[in-house]
Amino acid sequence: MSIRTRWQIQVVAETERSELYRTWSDGGGLFGWLSVTTHQAIGMRYIVTAFIFLLLGGVEALAMRLQLARPENGLLGPDRYNQIFTMHGTTMMFLFAVPVMEGMGVYLVPLMLGTRNVAFPRLNAFGYWMYLFGGLLLYISAFTGTAPAAGWFSYTPLSGPQYSPGKGVDVWAQMITFTEISAMCVATELIVTIFKLRAPRMSLNRIPMFCWGMLVQSFMVIFAMPAVMLASTVLLLNDRTIGTHFVNPAEGGDPLLYQHIFWFFGHPEVYIIFIPALGMVSAIVEAHSRRGVFGYPAMVLSLVANGFIAFGLWVHHMFATGLPQVAEAYFTAASMMIGITSAVQIFCWIATLWTGRLRLTAAMHFVFGFLFIFVLGGLTGIMLASIPFDLQVHDTFFVVAHFHYVLIGGALFPLFGGFHHWFPKFTGRMISEKAGKAAFWILFAGFNLTFFPMHILGLKGMTRRIYTYPADLQWGADNLLATIGAFIIAIGGIVFIANVLWSRKHGARADNDPWNAGTLEWAAASPPEKFNFAHIPVVGGRYPLWTPSEQQGLVVGMRNDRREVLVTSAMDAEPHHRLVLPRSSIWPLLTAIGLAIGLVGSIFAFSWYYLAAALGMIGFIGWFWPHKPVEVRP
Amino acid sequence: MTPSNTLDVAALPPYSISSKAPLWWGQILLCVIEGSMFCMLIAIYFYLRLGVDVWPPPGARTPGVATSSIALVPLLASALGSYWASEAAKKDDRRGMILGLALNLALACLFLLFRYLTWSGLNFNWASNAYGTIVWSILFLHTFDLVADLLFTLVLLVIVAAGRSGPKPRLGVHVDSVVWYFLVGIWLPLYAVLVWGPRVVGVSQ
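Since this is a predicted model, take the numbers as computed values, not measurements. (Residues numbered from 1 in each chain as written. Chains lettered and ligands numbered in written order. Predicted model: local features only at pLDDT ≥ 70, side-chain atom pairs only at ≥ 80, totals over all residues.)

**Q** Hey, could you run me through the overall build of chain B in this one?
**A** Helices and strands together make up the secondary structure of chain B, namely five helices and one strand. Against the 2.2 N^0.38 benchmark of 17 Å for 205 residues, chain B shows a C-alpha radius of gyration of 21 Å, more extended than a compact globule. Once the C-alpha set of chain B is aligned to its principal axes, its extents read approximately 80 × 40 × 25 Å. Across chain B, every contact between residues at least 6 apart in sequence was considered, and the portion connecting residues at least 24 apart equals 80%. (Helix = DSSP H or I, 4+ residues; strand = E, 2+ residues; numbered from the N terminus. Rg over C-alpha atoms; globule rule 2.2 N^0.38 Å. Contact = placed C-beta atoms within 7 Å.)

**Q** Just checking my understanding: could you explain the packing of helix 2 (residues 65-90) of chain B against helix 5 (residues 167-201) of chain B for this structure?
**A** Helix-helix packing: each pair is described by the crossing angle between the helix axes and the interaxial distance. Residues and elements named next belong to chain B. Running from N to C, helix 2 and helix 5 cross one another at 165°; their axes reach a closest spacing of 9 Å. Accordingly, the angle class assigned to the pair helix 2 and helix 5 is roughly antiparallel. In this structure, the crossing between helix 2 and helix 5 has a hand that is left-handed. Along the lines of polarity and charge, the residues of the contact of helix 2 with helix 5 split into 15 nonpolar, six polar and two charged. (Axes fitted to C-alpha atoms, helices over the stretch in contact; angles between N-to-C directions. Parallel < 35°, antiparallel > 145°, perpendicular 65-115°, else oblique. Left-handed = near helix turned anticlockwise from the far one by under 90°. Nonpolar A, V, L, I, M, F, W, Y, C, P; charged D, E, K, R; others polar.)

**Q** Is there a simple way to think about the nonpolar core in this case?
**A** Burial of nonpolar side chains together is a common tendency in soluble globular proteins. All names here are of chain A. With 247 residues, the main nonpolar core has Cys211, Ala231 and Ile261 as its most contacted residues. For this core, the element with the most residues is helix 8 (residues 209-241), which contributes 23 residues. Other than its neighbours up to four places away in sequence, alanine 231 contacts Leu236, Tyr258, Ile261, Phe262 and Phe265. (Core = buried A, V, L, I, M, F, W, Y, C linked by C-beta atoms within 7 Å. Buried ≥ 20, exposed ≤ 12 C-beta atoms within 10 Å, placed from the backbone.)

**Q** How should I be thinking about the interface of chain A and chain B in this particular structure?
**A** Quoted interface sizes are often the accessible area lost when the parts come together. At the junction of the two partners, chain A supplies 49 residues and chain B supplies 43 residues. Counting residues per element, the ones that place at least two in the side of chain A that touches chain B are helix 7 (168-196), helix 8, helix 9 (255-289), strand 2 (553-556), strand 3 (564-568), strand 4 (575-580) and helix 18 (608-624) of chain A. Of the residues belonging to the side of chain A that touches chain B, the class tally is 34 nonpolar, 11 polar and four charged. When strand 2 of chain A meets strand 1 (residues 6-8) of chain B, the two strands line up parallel, connected through three bridges. Bridged to Val556(A) within strand 1 of chain B is Asp8(B). (Pairing = 2+ DSSP bridges.)

**Q** Could you clarify how one ought to interpret the pairing of strand 3 of chain A in this entry?
**A** Consecutive residues of a regular strand have side chains that alternate between opposite faces of the sheet. Residue and element names in this part refer to chain A. Burial within strand 3 is extensive, with five of its five residues counted as buried. Burial along strand 3 is two-sided: the face carrying Glu564, Leu566 and Thr568 and the face carrying Val565 and Val567 are both buried. Two elements, strand 3 and strand 4, share five bridges in a ladder whose sense is antiparallel. Directly across from valine 565, in strand 4, lies its bridge partner leucine 579.

**Q** I would appreciate a short explanation of the environment of Tyr131(A) in the present structure.
**A** Residue and element names in this part refer to chain A. Within the secondary structure, tyrosine 131 sits in helix 6 (residues 121-143). Its 30 C-beta neighbours within 10 Å are what place tyrosine 131 among the buried residues. Separated by 85 residues in sequence, tyrosine 131 and tyrosine 46 have C-alpha atoms that sit 8.5 Å apart. Ignoring any residue separated from it by four or fewer positions in sequence, one finds tyrosine 131 in contact with Pro99, Phe178, Thr179 and Ser182.

**Q** I keep staring at the packing of helix 8 of chain A against helix 10 (residues 296-309) of chain A and nothing clicks. Help me out?
**A** Residue and element names in this part refer to chain A. Where helix 8 meets helix 10, the axes come as close as 9 Å, and the angle between the chain directions of the two elements is 15°. By the criterion of interaxial angle, the relationship of helix 8 to helix 10 is roughly parallel. The element helix 8 and its partner helix 10 pack so that their crossing is right-handed. Touching Met209, Trp212, Gly213, Val216, Phe219 and Met220 of helix 8 are Met299, Val300, Leu303, Val304 and Gly307, all from helix 10. Tallied by class, the residues present in the contact of helix 8 with helix 10 amount to nine nonpolar, two polar and no charged.

**Q** Where do I start with helix 18 of chain A in this structure?
**A** Residue pairs spaced three or four apart in an α-helix point in one direction, given the helix's 3.6 residues per turn. Residue and element names in this part refer to chain A. The end-to-end C-alpha separation of helix 18 is 24 Å, in line with the 24 Å expected for 17 residues at 1.5 Å each. Every buried residue of helix 18 is listed here: Gly616, Gly619 and Phe620. Seen from one end, helix 18 has its buried residues packed into an arc of 100°, which puts them on one side. Against the buried residues of helix 18 lie helix 17 (587-601). (Expected span 1.5 Å × (residues − 1). Arc of directions from axis to C-beta.)

These results come straight from atomic positions and should not be treated as a statement about function.
Structural data, given as structure tokens:
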């Protein structure tokens, strides 16, 4: 029998297990469903909702590509085109990319750390509802004729009251508030979970790489997201609705101020999306090359350094705005510097693959796709860091090509790889490897066919955000190729979805650890039980499932009749106390509804903020109202 | 399973009213979020100042030095009430919690009275010009946070006074003090910017 025996077949008395089931159950029916606070359920809701938004954003991308397929096309008018590219960017950044990474983190981090839920389960539920309401707000208003049309960044003065009348931009600004509150909830609870709820003896140098990724990402969310809420809600919305003058040059304001604040968030945002993806790459590479990642300390330090440097890059989005040259030079240097910490990680993965015993699964295919595409995107990033080059291609399709290489290559391919890798854990069934590899090759080919020609279009001078172009500029052929590529991506997406739906029902049964991986999520059942672990594990190494049997242990003495988790010290994970988590509750949903009413109203009048505050207050009081003392007796 | 492979935690307490509690960490992060927002507001203040020759604009009556400075006394003292309540919460001293929270609330309300006097002394509003916009934004957001936390403090006081002073409300009192220290502490740089800013970096007409 393998060394994994002790955790995989946890010998737990049936009465003990059924008591745990009762304690951790969310209750049945619609009320129970709305009151859910288990992290797997909420993580999966994030992931599924985000994938629905990915489909919407993808359809918008196809509409744009159809319009640009040939010169002087009349399929979409300029206004509709503006709305669609705004919705595409907004959806992909705020409603897909960040939430899907948060969802993966919410699902996987507690499992990887050997605990039973996140530190603040109700906050977790509340965050999901805020995200959902934000997405609904944007799409309901778009379908009822008030779509924003000023780009995903809503630059002033274009987005100001003078040039963007109507409520579209206001809806956009408040949607940001919803999604950023959600992101900050997840960031807070993940940081605390990672620092305080780790399994005993999982000292800082034993945290799985994916959890390091989520930790760095969460800190970035904490420092970056207040900026975008300030930019959208305080600067933009107040200027539009109550006549403040942040960005009004006639009264001493400055439109560039908005750009500074927006990009102080907007640049870290890219890293917020792709640092969790780097963690996924590490997890996949470790499991499928069957060894620990090469250079763990270098990898962790590079992730942390990425997190810091990312805050020193924002001005490279503004090189064309006429800032002082000394400042620009600094941001050029910083933009090139991040190439170093990124390259350290790439080389460490290559070394891991080189020295491991590689298994070419579908998940690994996506990792190789990531390495190829992301390195190309990184190289064009270094090019763009150079100011003379940037000024030449600023606002052209070269930039569009660059950031799709970075974002799709750097985040979407690892995400898809991660999805194939953790699918057995999510569903208890194996995903079809053959269909997974087919989906990879179609997506890989389609991606390069779509976005590679855009480099050339950009060098030829095709600007972004134009709805059509004259035939004599000779841009038609490259654009047609890109459109064909976009439809190939769509086919790849369909194959992926079909594979997921089919494998969910008909895939081979997966055991707890089908990949013989080393991290703790593979010690839980597939799919995990609501309490994850009947006994919390005591870990003996960085890869607990690969450590010798005599170093593996179990925690005993936790009570099963209430939701107990073990709080451990931040550095060495020595047990400190048994925390009793709150029960499932409808209050997070009610609080989110109350805040949503007020925030939607604030689009029309400032006074609705007071209603939001009052309803939110009532919600929080219900949420925190102390229960009977049974929850805390020793 | 051998005993050497098990770790018995039955003897550990089911809660901790200290900086070891996850909720304490969560509150610290909340303060960091708020803090980064206020830091950015300070940056915006000076960014806007750089964009004009005359700051504050001619005729604007800046927040008064005397009222704003005297107001610091009850504000800083209110943190002592908070500290008293927090220490009492650790020792499960219900009377101490009630007195500390009440002192905190009373002194904070006195501070809000001064805040009202400062604010009503301004002869411009958020829509007057960029200076008015940033001054009103900082005052509004800080006051909003103060009032929100005071209402929560009031709710805690009611809960504790009503006899529900179990570990959860006690932890609530403890972490509430963290937020209050933050709101008091962050006012010091904001006060310096709003009150002394125009006098140090301003150019009069």
